[in-house]
Amino acid sequence: MTLPRLSAALLAAVPPSPKVARPGYDRAALRPAIVHLGLGAFFRAHGVLYTEDVLNLQGGDWGVIGVSLQRPDQRDRLAPQDGLYTTMERGPAGLHARIVGALLGVLVAPEDPAAVLARLADAQTRIVSLTVTEKGYCHDPASGRLRLDHADIAHDLAQPDAPRSAVGFLAHALSRRRAAGIAPFTVLCCDNLPHNGALLAGLVQEFCRVQDGDLADWVAREVRFPSTMVDRIVPALAEADHAAAEAATGFADAAPVGHEPFRQWVVEDRFGPLGRPAWESVGAQLTHDVAPFEHMKLRLLNGAHSALAYLGYLAGHQTIVEAVQDPVLRGYLQRFWAEARPMVPPPPGQDLGDYTDALLERFANPAIRHRTWQIAMDGSQKLPQRLLATARERLAAGLPIPAIALAVAAWARYVGGVDEAGTPIDVRDPMAAELRAALNAAGEDPAARIAALLRLTEVFGQDLPGMPRFVAAVTEAYRALLQDGARAAAAH
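Keep in mind the model is a prediction, meaning the values are calculated, not measured.

The next point concerns the overall build of the chain. Helix and strand counts for the chain stand at 22 helices and twelve strands. Computed over C-alpha atoms, the radius of gyration of the chain comes to 23 Å, within 12% of the 23 Å expected from 2.2 N^0.38 for 492 residues, which places it in the range of a compact globule. When each of the 492 residues of the chain is scored for burial, the buried share is 55%. Long-range pairs, those at least 24 residues apart, make up 78% of the contacts in the chain between residues at least 6 apart in sequence. Put simply, the chain shows about 19,000 Å² of open surface, and 53% of that area lies on carbon and sulfur atoms.

Given below as structure tokens:
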């Protein structure tokens, strides 16, 4: 039987079900107050839900407009559903579904950049949030500087009315608001980057300064860029998610999203004059200093996720839950955390041993099928903050780095493009061509291949290639991966 497609009219006509939560507020009262750049599964299962919870608790007009910066897929799935979609919380207690109403619509930037700029510049827009992934900031991950030679940045500087990059959209929209005398929106970065608010502020100011020094000064003085730390495991959409959403709600849904029960959002309480939703009333942590939380998450959760993704993929495990159920990789994970924890100052009231114990339980949730291949994407952008910063600190303290070195070596093995069975790997990375070229030029010698990758200063900076202990540890680990395979190397 073909089920009716989820829509606002149908939702209003069908009696509520005790099995699935629905919006408990008046959607007609919503206004496009939040514009989110990079609308994907994560933000729909995290940031939108915090706003949804505020609306259910106390009403208001905090509607969300999503912006797809690359493809029309999200718009094409969500527009026929009036922005409605189903979220499915999966955990030991089973599946809990809800239909979410805070999303009002989706714009597709490549199709109509002028419409995106107009929405950003509109006085109704009070917050612009982002989840564009690390590579979406067009910056050098090692230095944190804007890459003015990046094709999208060069284009956006030359064509201010048709930007492509998130930084370009922000800068040109803020310029329009300044010219019109409209108060600036708050820019809320929700990506896994150290000091993400300050980093994005620097990138936008750098962009502005190339064109207009006065604008750059105005942005530095008037625009707020709070830092945040976001945490929830949200696997990529699978075909089974559609069937599960249909079974739970009785509607066909082209855009469901699944997620784990856990969620955390730590936000620096530093917003502009246009305000924000009362996210703290539904569990967000508002603080004056996000750094300890983001430090803990980047090093212990994201670092472990990346390490497990590369080693797990090489060992033949398709998902994180499969990898963590492997006793060899589970033991390796504990050794990884034993290296990383001493380098992480705990946030107030947080025991890091308890934190990593909880992470292990989350990784082992059998209802969450998070693909190792998905987490392995864009490693050149992730390594500096997830793994290399910890390596630097341990080496500076005279401490060994065998577990971290193995994770870096597993990345090097992975980006070589062929797994242990000789099967090609679909390497998705903005530097994939440079990585492959460096390895091809190096030949087959393990030391030469590692040396070739370490010369990529965008990833490893100027310092790590000159640290003999780092070079030796990664080379030795890489040699072990080639000779013995991922599981044997992890066991040793």
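We describe a pair of aromatic rings using the distance from one ring centre to the other and the angle between the two ring planes. Applying the stated criterion across every chain yields a total of nine aromatic pairs. Every member of this aromatic cluster is reached through a ring pair, and the members are Tyr50, Trp265, Phe271 and Trp279. A cation over an aromatic ring shows up here: Arg126 above the ring of Trp62, its NZ or CZ 3.9 Å from the ring centre. Sitting over the face of the ring of Tyr50, Arg263 holds its NZ or CZ atom 3.8 Å from the ring centroid.

Looking now at the pattern of salt bridges. For the structure on display, the rule yields 26 salt bridges. Ionic pairing is found between Asp241 and Arg90, a salt bridge with its closest N-O pair at 2.7 Å. Linking Asp241 in helix 10 (residues 239–249) with Arg90 in strand 4 (residues 85–91), this pair joins segments that are 151 residues apart in sequence. Residue Arg90 is classed as buried on the basis of its relative accessible area of 16%. The salt bridge partner of Arg362 is Glu260, with a shortest N-O separation of 2.5 Å.

Among the residues making up helix 5 (residues 113–121), those that are buried are Pro113, Val116, Leu117, Leu120 and Ala121. When helix 5 is viewed along its axis, its buried side chains cluster within an angular range of 130° and face the same direction.

Before going further, it helps to examine the sheet that holds strand 11 (residues 264–268). If you walk across this open sheet you meet the three strands as 9-11-12, and the pairing is mixed. This sheet does not close on itself; its edge strands, each paired only once, are strand 9 (228–231) and strand 12 (285–287). Put simply, the sheet's adjacent strands are angled 15° from each other on average, direction ignored. Helix 11 (residues 291–314) rests against strand 9, strand 11 and strand 12 of the sheet, and its axis sits at about 40° to strand 9.

Tracing the sequence through the fold places Arg413 in helix 17 (residues 402–415). For the buried Arg413, no salt bridge exists, and the shortest N-O distance to an oppositely charged side chain is 5.4 Å, to Glu420. For Arg413, the residues in contact, after removing those within four places along its chain, are Leu314, Val418, Asp419, Glu420, Tyr478, Leu481 and Leu482.

In this fold, Ser165 is placed in the loop between helix 6 (151–158) and helix 7 (166–180). Its relative accessible area of 3% is what places Ser165 among the buried residues. It is 7.6 Å that separates the C-alpha atoms of Ser165 and Leu69, two residues lying 96 residues apart in sequence. The contact partners of Ser165, leaving out residues within four places of it in the chain, are Cys138, Asp152, Ile153 and Asp156. For Ser165, the side chain forms a polar contact with the side chain of Asp156, separated by 2.6 Å. At 2.9 Å, the side chain of Ser165 forms a polar contact with the backbone nitrogen of Gly168.

Those places that UniProt annotates as "domain: Mannitol dehydrogenase N-terminal" (unreviewed entry) correspond, in this numbering, to residues 33–280. For residues 33–280, the helix share is 37%, the strand share is 21%, and the end-to-end C-alpha distance is 18 Å.

So, about the UniProt feature "domain: Mannitol dehydrogenase C-terminal" (unreviewed entry) in the chain. According to UniProt, the positions carrying the feature "domain: Mannitol dehydrogenase C-terminal" (unreviewed entry) are residues 289–481. Taken end to end, residues 289–481 is 68% helix and 0% strand, and its two terminal C-alpha atoms sit 40 Å from one another.

The next subject is the environment of Phe251. The topology assignment puts Phe251 in the loop between helix 10 and strand 10 (257–259). A residue is classified by how much of its surface remains accessible, and Phe251, at 3% relative accessible area, is buried. Linking Phe251 and Pro446, residues 195 residues apart in sequence, is a C-alpha distance of 54 Å. When residues no more than four places from it in sequence are discounted, the contact partners of Phe251 are Leu3, Pro4, Leu6, Leu10, Leu11, Val14, Arg22, Ile99, Ala245 and Glu246.

A water-sized probe rolled over the atoms picks out the places where empty space is left. Scanning the entire structure with this criterion turns up three cavities of 30 Å³ or more. Counted as a void, the largest cavity has a volume near 50 Å³. Lining the largest cavity, in full, are Cys190, Asp191, Asn192, Leu193, Asn196, Thr228, Met229, Val230, Glu294, Lys297 and Leu298. Breaking the lining of the largest cavity down by element, the ones donating at least two residues are strand 9 and helix 11. For the lining of the largest cavity, the residue count by class is five nonpolar, three polar and three charged. In this structure, the lining of the largest cavity is formed jointly by two domains, domain 1 (8–288) and domain 2 (291–490), each of which donates at least three residues. Space inside the second largest cavity adds up to approximately 40 Å³.

As a general feature of sheets, a regular strand has side chains that alternate between the two faces. Of the two faces of strand 8 (residues 186–189), both are covered, the one formed by Thr186 and Leu188 as well as the one formed by Val187 and Cys189. With four bridges joining them, strand 7 (residues 127–130) and strand 8 adopt parallel strand pairing. The residue of strand 8 that forms the bridge with Val128 is Val187.

Tracing the sequence through the fold places Arg479 in helix 21 (residues 468–484). Overall, Arg479 belongs to the partly exposed group, its relative accessible area being 33%. C-alpha of Arg479 to C-alpha of Ser17: the two residues are 462 residues apart in sequence and 58 Å apart in space. Those residues in contact with Arg479 that lie beyond four places of it in its chain are Pro446 and Ala447.

What counts, and where the lines are drawn
- Each chain has its residues counted from 1, following the order in which its sequence is written.
- Local features are withheld for residues below a pLDDT of 70 in this predicted model, meaning they are given only at 70 or higher, and side-chain atom pairs are given and counted only at 80 or more; totals for whole chains, interfaces and linings count all residues.
- Each side-chain value is worked out from all heavy atoms of the structure, with water and hydrogens disregarded.
- Here a helix means four or more residues in a row that DSSP labels H or I, a strand means two or more in a row labelled E, and each is numbered from the N terminus.
- Here the radius of gyration uses the C-alpha set of atoms, whereas the globule reference equals 2.2 Å times the residue count to the power 0.38.
- A 1.4 Å probe rolled over the protein chains alone gives each residue an accessible area, and that area as a share of the maximum for its type sets the label: buried under 20%, exposed over 50%, partly exposed in between.
- Note on definitions: a residue-residue contact is assigned when non-hydrogen atoms from the two residues lie within 4.5 Å.
- All accessible-area figures derive from a Shrake-Rupley calculation using a 1.4 Å probe, and residue coverage is judged against the displayed protein chains alone.
- Working definition: a ring pair exists when centres of Phe, Tyr or Trp rings (six-membered ring for Trp) sit within 6.5 Å. Plane angles under 30 degrees give stacked, over 60 give edge-to-face, the rest tilted.
- Two conditions define a charge sitting above a ring: the NZ of Lys or the CZ of Arg must be within 6 Å of the ring centre, and it must be within 35 degrees of the ring normal.
- Here, a salt bridge means any Lys or Arg side-chain nitrogen found within 4 Å of an Asp or Glu carboxyl oxygen.
- In this description, one arc is meant: the one made by directions from the helix axis to the C-beta atoms.
- Should DSSP find at least two bridges between two strands, the strands are taken to pair.
- A fitted line through C-alpha atoms serves as each axis, taken over the contacting stretch for helices, and the angle formed by two N-to-C directions is quoted from 0 to 180°.
- In this tally Asp and Glu are treated as negative and Lys and Arg as positive; neither His nor the chain ends contributes.
- The term polar contact refers here to a pair of N or O atoms within 3.5 Å; inside protein, the definition further demands a hydrogen-donor-capable atom paired with an acceptor-capable atom, and it admits residues adjacent in sequence only when both atoms are side-chain atoms.
- UniProt positions are given in the numbering used here, feature names are shortened, and annotations may be inferred rather than shown by experiment.
- Buried and open spaces are told apart on a 1 Å grid over the protein atoms alone, a cavity being a set of points where a 1.4 Å probe fits but cannot get out and a pocket being an open set with protein on both sides within 12 Å along at least five of seven lines. Residues with an atom within 4 Å of a point are the lining residues.
- Grid points are joined across faces, edges and corners, and a volume is the space filled by probe spheres set on the points.
- Under this grouping Gly is polar, as are all residues other than the nonpolar Ala, Val, Leu, Ile, Met, Phe, Trp, Tyr, Cys and Pro and the charged Asp, Glu, Lys and Arg.
- Domain boundaries shown here were taken from an automatic or database domain assignment.

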